[in-house]
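Structural features, examined
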Amino acid sequence: QVQLVESGGGLVQAGGSLRLSCAASTRTFSSYAMGWFRQAPGKEREFVAGISWSGSNTDYADSVKGRFTVSRDNAKNTVYLQMNSLKLEDTAVYYCAARSGLTIATKTAQYDYWGQGTQVTVSS
């Protein structure tokens, strides 16, 4: 089965930057569209960013567009989320997810594999 291992989470001050990485254990990484989701306390898990199998198409939640950038390196089986200009409201557990499909999806039910989640805390 596909395993997703996230790294890069931590504590950062508002206005700062952080890069999350998600390494996938699969020989067919390029066949999956990837997504990033986050869940804050008391809130539903929400879509943050997605990227198609080739990396040619991306999609972002309105709350993060212009600040976050998703990318992937299929040769390294890794997807990234570059987070800039972080705000207090970005504080959440961030999850990497893989979908058995080539196109971007924005709902949790559309993804088949999930990472363990990594905490991102933005402080003032």
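Brief notes about the nonpolar core
Counting 30 residues, the largest nonpolar core has Leu4, Met34, Trp36, Val79, Leu81, Met83 and Tyr94 as the members making the most contacts within it. Of all the elements in the fold, those that place two or more residues in this core are strand 3 (18–24), strand 4 (33–39), strand 5 (46–51), strand 7 (68–73), strand 8 (78–83), strand 9 (92–99) and strand 11 (118–123). Leaving out residues up to four positions away in the same chain, Leu81 has contacts with Leu18, Arg19, Leu20, Trp36, Val48, Ala49, Phe68, Thr69, Val70 and Tyr94. In this structure, Phe37, Phe47, Ala97 and Ala105 belong to the second largest nonpolar core, which totals five residues.

A look at unusual backbone geometry
Within the chain, Asn77 stands out as a residue other than glycine whose phi angle is a positive 55°. Within the secondary structure, Asn77 sits in the loop between strand 7 and strand 8. You can call Asn77 buried: its relative accessible area is 16%. Positive phi outside glycine occurs at Ser85, with the angle close to 50°. Mapping Ser85 onto the fold places it in the loop between strand 8 and strand 9. In this structure Ser85 comes out as partly exposed when scored by relative accessible area, which is 40%.

As for the pattern of salt bridges
Taken as a whole, this structure holds four salt bridges when the rule is applied. A salt bridge links Glu46 to Arg38; the shortest N-O distance between them is 2.8 Å. Residue classification places Glu46 among the partly exposed residues on the basis of a relative accessible area of 36%. For Lys65, the salt bridge goes to Asp62, with nearest N and O atoms at 3.2 Å. Judged on exposure class, the residue Lys65 and its partner Asp62 are both exposed. Among the charged side chains, a network of salt bridges with common partners joins Arg38, Glu46, Arg67 and Asp90.

Brief notes about the sheet that holds strand 8
Hydrogen bonding along the main chain pairs the strands of a sheet, whether they run parallel or antiparallel. One open sheet holds the four strands; their spatial order is 1-3-8-7, and the pairing between them is antiparallel. If you trace the sheet from one side to the other, it starts and ends with strand 1 (4–7) and strand 7, each paired once. Going across the sheet, the axis of each strand differs from the next one's by a mean of 15°, ignoring polarity.

So, how was this worked out
Residues numbered from 1 in each chain as written. Predicted model: local features only at pLDDT ≥ 70, side-chain atom pairs only at ≥ 80, totals over all residues. Heavy atoms only, no water. Core = buried A, V, L, I, M, F, W, Y, C linked by side-chain atoms within 4.5 Å. Buried < 20%, exposed > 50% of the residue type's maximum accessible area, 1.4 Å probe, protein only. Helix = DSSP H or I, 4+ residues; strand = E, 2+ residues; numbered from the N terminus. Contact = heavy atoms within 4.5 Å. Salt bridge = Lys/Arg side-chain N within 4 Å of Asp/Glu carboxyl O. Pairing = 2+ DSSP bridges. Axes fitted to C-alpha atoms, helices over the stretch in contact; angles between N-to-C directions.

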